[in-house]
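Fold and geometry: a report
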Amino acid sequence: MLDMTNAKGRFEIPAYTRLARTFHWVTAALVLTLIPVGIVMARVSGGPLQDWLFNFHRSLGAVLVPLMVVRAVYRLAHPPLPLPSEIPAAQKMVAESVHGMLYALLTIQPMIGWISVSAYRAPMIVFGLFELPPVWREDRLFSEQMSTIHTYVGFALAALLCAHIGGALFHHFIQRDRVLMRMISGR
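The structure reproduced in this document is the subject of the present report.

A short note on the side chain of His 24
- Within the secondary structure, His 24 sits in helix α1 (residues 18–43).
- Assessed through its relative accessible area of 12%, His 24 is described here as buried.
- Excluding residues within four positions of it along the chain, His 24 makes contact with Arg 71, His 164 and Met 183.

Pasting the structure below:
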């Protein structure tokens, strides 16, 4: 049940619904796992560990695609409350731009990976439960090109995440406002 009363018993609509916050933190956990696993798997020299890391990375990416689609649809249907009026317009514009780029890249990035894996003809087995079909014809050169793009988009995502997390921490510890708490408690 959604509690819409504040500490003084007054009715208050949350900035983000409980489901929106759940989508956010599940996405954060996935991405903050995907990035280091992706870096490590590319540096391990073959063998069962590298195979496991590749399969784990692919599985998490396969979960990210539908999560981001559902999350985007949900956000369109349930937009959050506007940022507090005391936040300068330029900061609001930067926040909206970073959010938009994160949504776009987090949706596109796993698709690039899936195309790369498909063109290589490696199996896309999701957590050992089922195999996703290839979405591209076999073409090893194209696979390598897509893999390179996947790497660069990963670096762009990491930079955007640093900006996003840095902004949230700036608001919490320097500005001492409620921006971060909106995503933690909804208020």
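Here the narrative resumes.
Considering the packing of aromatic side chains
- Scanning the entire structure with this criterion turns up four aromatic pairs.
- Seen from their ring centres, Trp 52 and Phe 56 are 4.9 Å apart, and the 15 degrees between their planes marks the pair as stacked. Of this pair, Trp 52 and Phe 56 are both found in helix α2 (residues 47–77), four residues apart, which corresponds to roughly one turn of the helix.
- With a centroid separation of 6.5 Å and 70 degrees between ring planes, the pair formed by Phe 56 and Phe 127 is classed as edge-to-face.

Quick notes on helix α4 (residues 140–175)
- Its 36 residues give α4 an end-to-end C-alpha distance of 50 Å, which sits within 8% of 52 Å, the value for a rise of 1.5 Å per residue.
- Considered for burial, the residues of α4 that qualify are Ser 143, Met 146, His 150, Val 153, Gly 154, Leu 157, Leu 160, Leu 161, Ala 168 and His 171.
- Buried residues along α4 sit against α1, α2, α3 (89–120) and α5 (179–184).
- Structurally, the start of α4 carries an N-cap: the backbone nitrogen of Leu 141 is 3.3 Å from a side-chain oxygen of Asp 139.
- One or two positions beyond α4, positive phi appears at Arg 176, with a value near 55 degrees.

Quick notes on the pattern of salt bridges
- Counted under the stated rule, the structure contains one salt bridge.
- A salt bridge links Arg 137 to Asp 139, with the nearest nitrogen and oxygen atoms 3.2 Å apart.
- In this structure Arg 137 comes out as exposed when scored by relative accessible area, which is 55%.
- The exposure class of Asp 139 is partly exposed, given its relative accessible area of 23%.

Focus on a nonpolar patch on the surface
- Taken together, the side chains of Leu 32, Ile 165, Leu 169, Phe 170, Phe 173 and Ile 174 make up a nonpolar region of the molecular surface, amounting to roughly 570 Å² of accessible area.
- Take the nonpolar patch: its biggest share by element is five residues, from α4.
- Residue position: Phe 173 is located in helix α4.
- By relative accessible area, which is 52% here, Phe 173 ends up exposed.

Notes on the nonpolar core
- One finds Leu 64, Leu 102 and Leu 106 to be the most contacted residues of the largest nonpolar core, which totals 24 residues.
- Residue assignment for this core shows that the elements contributing at least two residues are α1, α2, α3 and α4.
- Ranked by residue count, the leading element in this core is α3, at six residues.
- Aside from chain neighbours lying at most four places away, what touches Leu 102 is Leu 157, Leu 160, Leu 161 and His 164.
- In terms of nonpolar packing, the next biggest core, distinct from the first, is built from seven residues, Trp 114, Val 117, Ala 122 and Val 126 among them.

About the thresholds
Residues numbered from 1 in each chain as written. Predicted model: local features only at pLDDT ≥ 70, side-chain atom pairs only at ≥ 80, totals over all residues. Heavy atoms only, no water. Helix = DSSP H or I, 4+ residues; strand = E, 2+ residues; numbered from the N terminus. Buried < 20%, exposed > 50% of the residue type's maximum accessible area, 1.4 Å probe, protein only. Contact = heavy atoms within 4.5 Å. Phe/Tyr/Trp six-rings, centres within 6.5 Å; stacked < 30°, edge-to-face > 60°. Expected span 1.5 Å × (residues − 1). Polar contact = N/O pair within 3.5 Å; in protein donor to acceptor, adjacent residues only side chain to side chain. Salt bridge = Lys/Arg side-chain N within 4 Å of Asp/Glu carboxyl O. Patch = residues over 30% accessible without salt bridge, like charges linked within 9 Å, V, L, I, M, F, W, Y side chains within 5 Å. Areas by Shrake-Rupley, 256 points an atom, 1.4 Å probe, with all protein chains shown as cover. Core = buried A, V, L, I, M, F, W, Y, C linked by side-chain atoms within 4.5 Å.

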